[in-house]
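Listed below are the residues making up each chain.
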Amino acid sequence: MPVAVLEIRNLRCIEHMQLAAGPRWNWLVGANGAGKSTVLEALHLLGLGQSWRRGPRQLIRDGSSCFLLSVLRNEDLGLNDRIVLEQNGGERQMRFAGEHLRSQWALLELLPIQAIHSGNSEFIAGSADDRRRQLDWGIYRRHREYGDHLRQYRRLLAQRNAWLRSQGHKEDPWEHLLAGAGELLHEYRSREIAYLQEGLCHFWKERTGSTSEIRLHLQSGWRDGMRFAEVLREDRSSDAETGFTRSGPHRANVLFRVDGRSAADSLSRGQLRTLGNCFRLAQLQAIKDSGLELPVVLIDDFAAELDPAGRLWWRQQLDALGVQVFAAGTEAAALPMNAEDCQWTIQAGQLREGKPS
Ligand SMILES: Nc1ncnc2c1ncn2[C@@H]1O[C@H](COP(=O)(O)OP(=O)(O)OP(=O)(O)O)[C@@H](O)[C@H]1O
């Protein structure tokens with residue numbers, strides 16, 4: 001169980017909150033604006049070093065000059081040192097066991113998080129970026145070196161783009177390296193898609209009883225039937241005109257098809273949410289099967305789009321995996337809670353233990 005105690009000071013509407021977490025289900029119930037998402041966001045910040053919303057946002061509580069978040073992990077893992085994230089104005093500091101952390105990448109190792117929130121819950125019908133990010137998250141969790149490969153590719157891409165803008169008509173010094181780095185990302189993604197296919201079908205069939213065929217298809221981000229190096233060479237002058245590299249794994253896409261048709265076009269919103277959950281379950285199962293530490297799962301608005309049977313099934317699957325979950329909802333009656341779960345009521349940024357009414 002990774003999270004034992006979470007402490008929040010001066011984050012959005014929360015002045016001070018200390019939450020002693022349960023090993024499995026931690027429900028946060030309260031009215032709109034009570035502060036439920038803020039608790040989940042605190043965990044997201046501690047696990048990833050960034051907010052789950054894009055764009056500028058006032059995270060420091062109005063009237064304060066800094067926020068401070070800390071999480072004490074459980075000694076079951078032999079680890080009970082605190083992860084601390086402190087933001088003072090524009091300056092951010094992160095510490096683990098009293099030691100200063102230089103990069104937010106270090107947090108990914110300390111507190112693995114899978115977060116489901118309004119920005120990514122509809123990733124199947126969202127943008128190619130959303131789907132690629134979801135796929136990459138799972139690959140990184142199973143193959144840590146993938147993070148280095150991604151960073152290396154992004155560096156090379158930025159270097160080639162800068163070169164295209166300056167002297168794009170001469171011999172391309174980055175083409176060879178970028179092609180190699182790009183092909184490597186594509187190999188990881190192809191293998192992962194092949195691996196997840198079976199799990200996805202299993203969960204979908206179990207939930208829906210449907211015999212419809214769910215298929216994942218990976219688009220590499222460059223023209224079919226060609227090597228990435230060839231595409232880079234062929235596109236050199238047109239890329240130089242626009243000043244950026246048009247093709248590559250940064251444009252990859254994952255397509256979800258149901259009986260040969262796009263899932264986004266053929267499924268209802270609730271079915272899309274269910275399919276998205278099935279994909280996440282397949283990823284979590286893959287992490288478990290690899291013998292790796294499962295992430296803490298954060299679910300904002302747990303009940304959204306799901307019918308009662310769907311909510312119960314989603315809970316049961318997460319139970320079977322044995323993950324620790326923090327889930328939020330506005331109405332206790334709509335949440336599939338069990339007596340042994342930790343349940344909290346939140347009102348105006350304050351926490352109350354006990355069964356929400
Ligand atoms: N910097 C800030 N200082 C103080 N309060 C803030 C700040 N930023 C946001 N808030 C307030 O914090 C409150 C909590 O928002 P949060 O998103 O956590 O609510 P929630 O319980 O998840 O609500 P919902 O059910 O609507 O999603 C909101 O009322 C918001 O106006």
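Reading the values: the criteria
Residues numbered from 1 in each chain as written. Predicted model: local features only at pLDDT ≥ 70, side-chain atom pairs only at ≥ 80, totals over all residues. Heavy atoms only, no water. Pairing = 2+ DSSP bridges. Helix = DSSP H or I, 4+ residues; strand = E, 2+ residues; numbered from the N terminus. Contact = heavy atoms within 4.5 Å. Axes fitted to C-alpha atoms, helices over the stretch in contact; angles between N-to-C directions.

A. Fine view of the sheet that holds strand β9 (residues 214-219). Judged by pairing direction, the sheet is antiparallel, and its three strands sit side by side in the order β9-β10-β11 without closing on themselves. The open sheet has two edge strands with one neighbour each: β9 and β11 (261-262). Across two bridges, the pairing between strand β10 (residues 253-258) and β11 is antiparallel. Considered in β11, the bridge of Val258 is made with Arg261. Helix α5 (residues 175-208) contacts β9 and β10 of the sheet and is inclined by roughly 165° relative to β9.

B. Examining the sheet that holds strand β5 (residues 82-88) more closely. Taking strand neighbours across the sheet as the criterion, the six strands line up as β2-β1-β4-β5-β6-β7 in an open arrangement whose pairing is antiparallel. The two strands at the open ends of the sheet, each matched to only one other strand, are β2 (14-20) and β7 (99-101). Each strand of the sheet is rotated relative to its neighbour by a mean of 15°, with strand direction disregarded. Relative to strand β6 (residues 91-96), β5 is paired through six bridges, and the arrangement is antiparallel. Counterpart to Ile83 in the pairing with β6 is Phe96. Packing of helix α1 (residues 36-48) onto the sheet brings it into contact with β1 (5-11), β2, β4 (66-72), β5 and β6, and relative to β1 it is tilted by some 105°.

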